[in-house]
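The residues making up each chain are set out below.
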Amino acid sequence: MVPGEPHNHDHHGHAHGLGDAGHEHHGHAHDPAAVVAPRLSLLRMSALDRLLGAAVLSALIWLGVKWAAG
């Protein structure tokens, strides 16, 4: 590589030429239809949400026990 000569790096399937001083690639837009909403994750939930979820699951289990016991 010659110093000062433009070269390309491939990031995320996009070729970026570092010699393009007037071209900024950091804020490129994505097709809104291609953006996928993140799935439900226990790691991203707040502590209160996890506690409420555990209480609901516990209540469902106890309802099942009561139903099965007749």
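Residues numbered from 1 in each chain as written. Predicted model: local features only at pLDDT ≥ 70, side-chain atom pairs only at ≥ 80, totals over all residues. Heavy atoms only, no water.

Caption draft 1: Spotlight on the overall build of the protein chain. Counting its regular elements, the protein chain contains one helix and two strands. The helix and strand sequence of the protein chain, counted from the amino end, reads β-β-α. Burial analysis of the protein chain (70 residues in total) assigns 3% to the buried set. (Helix = DSSP H or I, 4+ residues; strand = E, 2+ residues; numbered from the N terminus. Buried < 20%, exposed > 50% of the residue type's maximum accessible area, 1.4 Å probe, protein only.)

Caption draft 2: Here's a closer look at a nonpolar patch on the surface. Taken together, Val56, Leu57, Leu60 and Leu63 make up a surface patch of nonpolar side chains, about 410 Å² in accessible area. Inspection of the secondary structure assignment puts Val56 in helix H1 (residues 47-69). (Patch = residues over 30% accessible without salt bridge, like charges linked within 9 Å, V, L, I, M, F, W, Y side chains within 5 Å. Areas by Shrake-Rupley, 256 points an atom, 1.4 Å probe, with all protein chains shown as cover. Salt bridge = Lys/Arg side-chain N within 4 Å of Asp/Glu carboxyl O.)

Caption draft 3: The confidence of the model for the protein chain, seen in detail. In this model, the protein chain carries an average pLDDT of 77, and 60% of its residues clear a pLDDT of 70 or more. Within the protein chain, strand S2 (residues 14-17) has the poorest average pLDDT of any element, 55, and H1 the best, 97. (pLDDT = per-residue confidence, 0-100.)

Caption draft 4: Summary view of H1. Across its 23 residues, H1 extends 33 Å between first and last C-alpha, which sits within 8% of the 33 Å expected from 1.5 Å per residue. Counting buried residues along H1, only zero of its 23 residues qualify, which leaves the element largely exposed. Gly70, located one to two residues past H1, shows a positive phi value of around 80 degrees. (Expected span 1.5 Å × (residues − 1).)

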